[in-house]
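Residue-level structure breakdown
Chain residues, written in single-letter form:
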Amino acid sequence: MFTRRIPLQRLFSSHCAVMGSKVLREPAEIAQLYRDQCRFPALCRADVGPVVTSRYGGQYCNIYTEWTQRDLERTESVKFCRQYIVFHDETSVVYSGPSGNCTEIKGELLSVDSPSGDMKAVLRESSIKGEDKHFLEIWHKNRKLKCLNLTTLNKHGKVYEDDQFGCMVWSHSETHLLYVAEKKRPKTESYFQGLETGVLADEEDGIKTDKKEEAVLGHQFEYYEDWGEALVNKSSPVLCVLDIEGSNITVLEGIPTDISPGQAFWSPNDTGLVFVGWWSEPFRLGLKYCSNRRSALFHVDLASGKCEQLSCNSSSVCSPRLSPDLCRIAYLESGVFGPHQQCSRLCVFDWYTKQTSVVVDVVQRAREDGFTGIYSSMLSPRCWSSDSQRVLISCAQRSRKDLLVVDTSSREVTSLTSESQEGSWSLLNIHRDLMVVSCSSPNRPPDLRVGFLPAKGSEKQVSWVTLEDTQAQEDISWQTLNFRPEQDNSQYPGLDFDAVLLKPKETPEGSKLPLIVMPHGGPHSVLVTEWVLSTAVLCKMGFGVLLVNYRGSLGFGQDNIYSLPGNIGTQDVRDVQLAVDGVLKRGEFDEQKIAVMGGSHGGFLACHLIGQYPEFYKACVARNPVTNLASMIGSTDIPDWCMVEAGYEYNTDIQTEPATLEQMLNKSPIKHVSKVKAPVLLMLGEDDKRVPSKQGIEYYRALKALQVPVRLLWYPGNNHALSKVDAESDGFVNAALWVTQHLSL
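On to the layout of surface pockets, then. One number sums up the size of the second largest pocket: a volume of about 490 Å³. Residue lining of the second largest pocket: 25 residues in total, with F283, L285, I633, T636 and P639 positioned closest to the centre. Each residue belonging to the lining of the second largest pocket can be placed in one class, and the counts come to ten nonpolar, nine polar and six charged.

Okay, here's the thing in structure tokens:
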């Protein structure tokens, strides 16, 4: 039985950063507060080593973890590792603790232990004489066995290290290694190469007749499509296999040329490879954060080279995971086109019967037991129970991320964490039923916990053991609020939504707090009750922060998602305003000191709100905002997004009609720019392919012409996320100062 409970309020006590009724407003104070909160690292990976029986009869295993932390002095995100030892019996942890101190990881792009734990493969990037080179290292226990210079070997282009295509997987026999790289491109030369003397290079008395690689003339400026935002220069991935003993690298052939392979692993018995293939014709669309691209599960036989499609033609699949008994493959499946993020199906493919079953289907509305569906674009590297019967998934359930167990036989879904008082849970790994998870809340940075998955029917009896604890920020309180719009969606009536409210724990009697409203981007995304650096710092500065999961957000059912396309600029805007008005009725916040911040579609909403409610908001901060859908459609890597969210079906071979462009314009913030009064701070990434910077510049120029106070921050080398440490930190402090200045704090 799946049950869940969203506590209305969780409050913690301590001193508050608010001085009297004042908010921190000095740049040095804000920067120091931000620096202090940067000390909390984020968990990004956990691996469970093989179970070892000690000479005293007990069992133990090592847990390897990787963390990331912002280093403001080096202006980079550093990655470090730490190991832990866990003594246990078959069902419970007996003792656990750290094994050594943290060690920074430098140059590692990918790493993976072999199934036995005896060997480790590392992809390392190193700069030699100013040129970045890739090296593939094979380690055995305490020594390096091999180091291959992949750049010099020139079998392929750069190795993919991203989580969309990238993988590095040992064969079950530990004799071969699989990875994904960019296809080798032909050497090119100018038509005029060697013409200085009036003859072509190959005609120079046979001097160059022994060239190792024949050059293609006149193709050095050939355009290669890539897969868009955050996948720049990733165009044509290929599967590569390294023979460990012979040090031979084979680039697999036989995969259709219109298929881009990724997320690959070895089939049972190491006779072939299973992978996800994305169709690249008639042209590539942005793939990052877009789980609606046509793709399928494939198998290529290594002996014959035959490539076979395992799943249907008309859906989008991702994240295939082989069961421990090597008999079944679990994967996620979504619809093609439509909203970029949707409720997914959990499918299981039987390797021997070749039959596929839908274990968990799309959920239109929350079920009676509270389950709202699966909202995840990536399963844990290991997600199966040891008996190969259950699959674990961490995903949003309304405004909280829960840890779910799916019984593939009975198809029952059970939550391990719904009754927890914590915020949100993320599964990092599970091995032999030992789960490794991360848990955080809006006022508590991520910690590291382990626990054994109980037997079927007893899932709620998990006993968690904390390996790395973090202290709650007791000067921050938070709660989840629910809203039901009076103005219903006629096609999808009866929907509701949530908002998460953070505020300083203690407020001086008689004073009211300023409020910052933050709608999320996407628009099909969700802000869950987890630790976020920026919101915690703003709260410590003395602001209330309202995170709004308007209708269209993930985690509330497929109907909720489908209710928004065609209604952007109206339904989402009204939902945000409804949430703000509802919070103001509590009497804790100053109605004259309301600001709005948002990025991407959140920036779209921020600009809409200051245009549709010009007297209400006193300041606005927008990061890479969508401001004009009609002008964006021809320059973004996701033109289908503009069509779908405006309410139209997308087809690659249909030209946009003038009437459609008119509707896109009418739904855009630029339509209301003449009414804007609030000062606007814009932050734009120079390399943004998702919402090209011209969107922000168009809005900037319109505000300048209207003499509305506006400032534009330009971040070279940054894409849509503005996530480089120098850009992120600079953007935060400037945003905080902009808001404090224009709210007259």
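Pairs of aromatic rings are described using the distance from one ring centre to the other and the angle between the two planes. Counted by the stated rule, this structure contains 15 aromatic pairs. With 5.6 Å between their ring centres and 75° between their planes, Y160 and F165 make a pair best called edge-to-face. What makes Y160 buried here is its relative accessible area of 1%. Take F165: its relative accessible area is 0%, and that puts it in the buried class. An angle of 35° between the planes, with centres 5.3 Å apart, marks the rings of W425 and W464 as tilted. In this pair, W425 sits in strand β28 (residues 424-431) while W464 sits in the loop between β30 (444-452) and β31 (465-468), placing the two residues 39 residues apart along the sequence.

As summarised here, the arrangement of the four strands in space is β17-β18-β19-β20, forming an open sheet in which the pairing is antiparallel. At either end of the open sheet lies a strand with only one pairing partner, and these are β17 (259-266) and β20 (307-309). Mean inter-strand twist for the sheet, computed between neighbouring axes without regard to direction, equals 30°. Bridge count between strand β19 (residues 295-301) and β20: three bridges; the pairing is antiparallel. Looking at the pairing, V300 lines up with C307 of β20.

In total, this model carries zero disulfides according to the counting rule given. C81 supplies the cysteine sulfur nearest to C44, a cysteine that is in no disulfide, at a spacing of 10 Å. Here C240 is not cross-linked by a disulfide; its sulfur's nearest cysteine counterpart is in C167, at 9.5 Å.

Let us now look at the confidence of the model for the protein chain. Parts of the prediction with low pLDDT should not have their coordinates interpreted in detail. Of the residues in the protein chain, 95% have a pLDDT of 70 or more, and the chain-wide mean is 93. Per-residue pLDDT stays below 50 along residues 1-21; that stretch engages in 71 contacts with residues further than four places along the chain or on separate chains. Here residues 199-211 scores under 50 on pLDDT; set against residues more than four positions off or in separate chains, the count is twelve contacts.

Moving on, we get to helix α6 (residues 601-612). An ideal rise of 1.5 Å per residue puts 16 Å on twelve residues; α6 measures up with 16 Å between its terminal C-alpha atoms. The buried fraction of α6 amounts to eleven of the twelve residues, a majority that puts the element mostly inside the structure. Of the residues making up α6, those classed as buried are H601, G602, G603, F604, L605, A606, C607, H608, L609, I610 and G611.

Next up on the list: the sheet that holds strand β15 (residues 237-243). Here four strands make up an open sheet; going across it, the order is β11-β12-β15-β16 and the pairing antiparallel. Since the sheet does not close on itself, it has two edges, and those belong to β11 (168-170) and β16 (248-251), each with one partner. Direction aside, the axes of adjacent strands within the sheet are offset by 25° on average. In this sheet, β15 lies alongside strand β12 (residues 176-182) in antiparallel orientation, the contact comprising seven bridges. Each residue of the ladder has a partner; that of V180, found in β15, is L239.

Here we take up the pattern of salt bridges. Counted according to the given criterion, the structure contains 38 salt bridges. Where E333 meets R345, a salt bridge forms, and the shortest distance between an N and an O atom there is 3.6 Å. In this pair, E333 sits in strand β22 (residues 328-334) while R345 sits in strand β23 (residues 345-350), placing the two residues twelve residues apart along the sequence. When its relative accessible area of 25% is taken as the criterion, R345 is described as partly exposed. D361 is the partner of R345 in a salt bridge, and the nearest nitrogen-oxygen pair spans 3.1 Å. Here the residue R345 occupies a position in strand β23, and D361 occupies one in the loop between β24 (356-360) and β25 (390-397), the gap between them amounting to 16 residues. Exposure remark for D361: the relative accessible area of 43% places this residue in the partly exposed category. Sharing partners across several salt bridges, the network here consists of R45, D47, E66 and K79.

A word on the pairing of β19. Most of β19 sits out of view: six of its seven residues are buried. Across seven bridges, the pairing between strand β18 (residues 272-279) and β19 is antiparallel. The residue bridging V274 from the neighbouring strand is H299, located in β19.

This part is about a nonpolar patch on the surface. A cluster of nonpolar side chains, namely Y191, F192 and L217, defines an oily patch on the protein surface of about 350 Å² accessible area. Relative to the elements of secondary structure, F192 occurs in the loop between β13 (188-189) and β14 (216-217). We classify F192 as exposed; its relative accessible area is 61%.

This part covers the side chain of H608. Summarising the element assignment, H608 is placed in helix α6. Here H608 is in contact with G569, V573, Y613, K667, S668, P669 and H672, once residues within four sequence places are set aside.

Let's shift gears to the packing of helix α1 (residues 27-37) against helix α3 (residues 533-541). Look at α1 against α3: their axes get within 10 Å of each other, and the N-to-C directions meet at 135°. Put simply, α1 runs oblique to α3. Of the two possible hands of crossing, α1 and α3 adopt the one that is right-handed. Listed contacts from α3 to I30, L33, Y34 and Q37 of α1 are L533, V537, K540 and M541. When grouped by side-chain class, the residues that make up the contact of α1 with α3 number six nonpolar, one polar and one charged.

The rules we used
Residues numbered from 1 in each chain as written. Predicted model: local features only at pLDDT ≥ 70, side-chain atom pairs only at ≥ 80, totals over all residues. Heavy atoms only, no water. 1 Å grid on protein atoms, 1.4 Å probe; cavity = no way out; pocket = protein on both sides within 12 Å on 5 of 7 lines; lining within 4 Å. Points joined across faces, edges and corners; volume = space filled by probe spheres on them. Nonpolar A, V, L, I, M, F, W, Y, C, P; charged D, E, K, R; others polar. Phe/Tyr/Trp six-rings, centres within 6.5 Å; stacked < 30°, edge-to-face > 60°. Buried < 20%, exposed > 50% of the residue type's maximum accessible area, 1.4 Å probe, protein only. Helix = DSSP H or I, 4+ residues; strand = E, 2+ residues; numbered from the N terminus. Pairing = 2+ DSSP bridges. Axes fitted to C-alpha atoms, helices over the stretch in contact; angles between N-to-C directions. Disulfide = S-S within 2.5 Å. pLDDT = per-residue confidence, 0-100. Contact = heavy atoms within 4.5 Å. Expected span 1.5 Å × (residues − 1). Salt bridge = Lys/Arg side-chain N within 4 Å of Asp/Glu carboxyl O. Patch = residues over 30% accessible without salt bridge, like charges linked within 9 Å, V, L, I, M, F, W, Y side chains within 5 Å. Areas by Shrake-Rupley, 256 points an atom, 1.4 Å probe, with all protein chains shown as cover. Parallel < 35°, antiparallel > 145°, perpendicular 65-115°, else oblique. Left-handed = near helix turned anticlockwise from the far one by under 90°.

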